[in-house]
Structures are given as structure tokens and as C-alpha cells.
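# Examining the three-dimensional arrangement
Here is what each chain is made of, one letter per residue.
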Amino acid sequence: MNQIIELKIKPNYVAEIANGYPLILKDSVEQLDEMLIEGTLLKIVRPNGKYIATGYFGKQNKGIGWVLTRDPLEEINQDFFQDKIKSAINLRESFFDDNETTAFRVFNGEGDGIGGLTIDFFDGFYMLSFYSEGIYSFRALIIEALKETVNYRGIYEKKRFDTNGQYVEQDDYIEGEMGQFPIIIKENGMNFAVDLNDGAMTGIFLDQRNVRQTLKENYSDGKTILNTFSYTGAFSVAAALGGAYETTSVDLAKRSIPKTIEQFSVNGIDYEQQQIKVMDVFDYLQYATRHNLKYDVVVLDPPSFARTKKMTFSTSKDYPKLIKDVLAITSPKGIIIASTNNASFDMKKFKTFIDKAFKESNKRYKIIEQHQLPEDFVTPENYSEFNYLKVCIIQLLK
Ligand code: SAH
């Protein structure tokens, strides 16, 4: 059983936590005991000692822990985790019933009541991700709770936190069938190869499901598509299946070539008819501008921070410049699918980046579609900061 200590919250943070804000911010406490052990339960109290909530200590980039319950009598035990997981599974019933989509998120951290923990479903396999040492201390209870709640082929885990500043190579397998990876999952009828035993990432970002679907259905037929920061080429696959004339995938990582070939191949697409380039996107944009290349659709999904030999890119500073560079190689009535998962700014701010880029380029545009996290990525009501995904589909005008 994890130890419990009392944690006094500063007066001006009391209302927010009492009203439902799930994150315990570093600034909300006077002073944190440096010896505090990750996973310690926190009885969060007002300055006068009155109970507000129970949480746990677990450092992530944003906060120092998460609220688990506002009921002073509720204990944090296997039943607690089981109730949360069960509710989350029930909420996704329609996903389990959909034969065209066999991979989705079944538990989304704070949105489902336990910050720091996510669980993804891949055709019978469950993959747990732990985002702090603190939540990892509840690992055994959480795994038992999951096993009691679902039928599974296999269970895998990812530790998404540093252990003493080092990423530890680990065996991700926990229980059940040892997957023969890659397994092929379905998403709206498209196939994707997924590997749960291959580092931090699996081959597909499930939160872009609706964006891939609209790219396939509405923006691909007969078009040329440039997919920047393409990773395993999931957007390129969607575009090719939607009838694209040609796709070009650009990513810095050498691994993106075999991975992208694999994603095309499991969909019966001849990868030799597509372009796959291992290149710095910023260099590619220059190259394409010099050669006067134009694309009907450009997908722009950079990581929040990117480091290249020459520069560092941060979405919160450099996104307008990136869009300006992309405008130079977009067809006159073309489409830009601009995406970011940087949680440090919201949709409104993101739109100001887009507006700045177009103003400075003397071009007109219209945002014809926008997306945030899909239905399975449940976020806490009233707190839009946890809905980190922002996607605008921009139509160039005149
Ligand atoms: N859009 C992808 C996910 C992108 S993940 C999808 O939906 O599947 C971010 C990718 O950016 C990684 O594959 C990383 O290798 C790549 N990357 C980071 N910096 C880059 C750069 N300067 N040029 C090209 N690719 C880069």
C-alpha cells in the first residue's frame, strides 16, 4: 500500500481543484518535500486543513501529480482502478462493435479519471503507457484491474518516463499471447502495421484517425500530396487509398523508408509508384521551392520540438514561418492540413499562427475543417488545455 501524506494547497488554487481541475501544479504548493517518493498518495487540503481531494505524487513535464478522487472515503486500491477502467471501456462500446476500426484508445489519462495512464487497444492487445514513476508504482493493481475487466489476447506496457534521466531498454510484454509483430490493425477499413515491442512508438498515432479519414475521403482523389514529418507514412497511405495521383513522404529518420513501404504494402499499394524521402523537411521545402514543385495538398504535422544539424524548431515560435515556406510550394487552390500536438497553446492561438503566415505572404485562405482529439481520447470537461491536438484544414483562395 502506498503511503499517504497531507498536502496543503495555496489559497488561490483551492477553488480550481475543488471544482474539478485534475492536475496538481507545482506552483499550487508552498514547498514540496524533496524526499517525497513517487507514488505517495496525497491528501490535498485547504490552508485550514479541510479535505479537498486525494491524489498521487508523480512528476511529469506539467505538474507534480494528479487528483484521483474528491471523496474522502474512497480508497485507492484495485477496486478503484477497476471502476475507472470499467467505465472507460463501457464508454467505448461503439468502438468495440465497429469491425472497420480495430485500434483505438480505451483509457485516456485524466479524461478517464487517472492522469498519467493511457491504455490503447490494438485488435485484442492492450498497451498500457505510464507517464511517471508515480503512476508506475500502481502498476500491479492496474494490470490486475485490467485483467479482471477485459478479455485480451495480450498485454504490453510502455514506460514513458525517465529512470534517473535515462531511457531504459525494456521488455514491453506483460501477459497473454506474445504478439507476432507487426500485427495488422484496421482503421476505417484501412490497414496499418503495428509493433508493440519496438521502442516508444507503435507505428501509428491513433489520435489522427478522423484526419486520415477526411484526407482519404475529401482531399485526395487525383491530387498530389506532400506528407511532411511523415513517420511511417500513415497520411500517405490514407491519401493513396483515396485515389491520390502521387504521394511524397518526407522524414528525417532512416527507418521511415522500410516502415512506410510496409504500410503501403499491407494496403496493396505499390510503393514504387510513391515517393519516400529521408530528408530534413526544412531542406526539402527549399529544394522544392528551387525546383518550382507544387503540391495540391500538404500535410504538416511537425513534432513540438525538432532539432536538426542547423537549427532547432519549436512549434510555438516557428509555425508561422513553416506555413509560409509551405505556401511557396502549394498549388493555387491547394489545401494545407496544419496539425500540432503542442499542449502549450490552444486552438485560438494556433489560428493566429496560420493568420500571420498568410498575411505575411499576402495570400487569402479559409479554414474549411478543424479537428481536435477524437471521441475515444476523452478529455476532462471544461478544461480545453488537455485537448492537445489541433488540426486546421486550410483552403487557399483565389
Ligand atoms: N505525421 C506523422 C507523425 C509525425 S511524428 C503521423 O501522423 O504518423 C514526427 C516525425 O518527425 C518523426 O518521424 C521524426 O523522425 C520526424 N522529424 C523530426 N524532425 C524532422 C525534420 N527536421 N525533418 C524531417 N522529419 C523530422
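Residues numbered from 1 in each chain as written. Predicted model: local features only at pLDDT ≥ 70, side-chain atom pairs only at ≥ 80, totals over all residues. Heavy atoms only, no water.

## Things to note about the overall build of the protein
Along its length, the protein carries 11 helices and 21 strands. Against the compact-globule benchmark of 21 Å for 398 residues, the protein has a radius of gyration of 22 Å, which places it among compact chains. Considering only C-alpha atoms, the protein reaches an extent of 65 × 50 × 40 Å along its principal axes. Buried residues in the protein amount to 52% of all 398 residues. Approximately 18,800 Å² of the protein is accessible, and the part contributed by carbon and sulfur atoms is 47%. Computed over 47 positive and 55 negative side-chain charges, the inter-centroid distance for the protein is 9 Å. (Helix = DSSP H or I, 4+ residues; strand = E, 2+ residues; numbered from the N terminus. Rg over C-alpha atoms; globule rule 2.2 N^0.38 Å. Buried < 20%, exposed > 50% of the residue type's maximum accessible area, 1.4 Å probe, protein only. Areas by Shrake-Rupley, 256 points an atom, 1.4 Å probe, with all protein chains shown as cover. Lys, Arg positive; Asp, Glu negative; His and termini not counted. Charge placed at Lys NZ, Arg CZ, Asp CG, Glu CD.)

## Some details on the nonpolar core
By size, the foremost hydrophobic cluster in this structure holds 36 residues, and its most contacted members are Leu117, Ile119, Leu128 and Ile142. Among the elements of the structure, β5 (65-69), α2 (78-91), β6 (103-108), β7 (117-122), β8 (125-130), α4 (133-136) and α5 (139-149) are those that each provide at least two residues to this core. Among the elements that line this core, the one with the most residues is α2, at five residues. Each of domain 1 (4-69) and domain 2 (78-180) contributes no fewer than three residues to this core. Apart from the residues lying within four places of it in its own chain, the contact partners of Ile142 are Phe81, Ile85, Leu117, Leu128, Phe130 and Ile135. Counting residues in hydrophobic clusters, the runner-up holds 35 residues, among them Ala103, Leu215, Phe235 and Phe264. (Core = buried A, V, L, I, M, F, W, Y, C linked by side-chain atoms within 4.5 Å. Domains from an automatic or database assignment. Contact = heavy atoms within 4.5 Å.)

## Considering empty space enclosed by the protein
Summed over all chains, the structure comprises two cavities of 30 Å³ or more. Of the voids in this model, the second largest cavity is the one considered here, and its volume is about 30 Å³. Lining the second largest cavity are Tyr13, Glu16, Ile17, Tyr21, Leu23, Ile24, Leu25 and Ser28. Counting residues per element, the ones that place at least two in the lining of the second largest cavity are α1 (11-19) and β2 (23-24). (1 Å grid on protein atoms, 1.4 Å probe; cavity = no way out; pocket = protein on both sides within 12 Å on 5 of 7 lines; lining within 4 Å. Points joined across faces, edges and corners; volume = space filled by probe spheres on them.)

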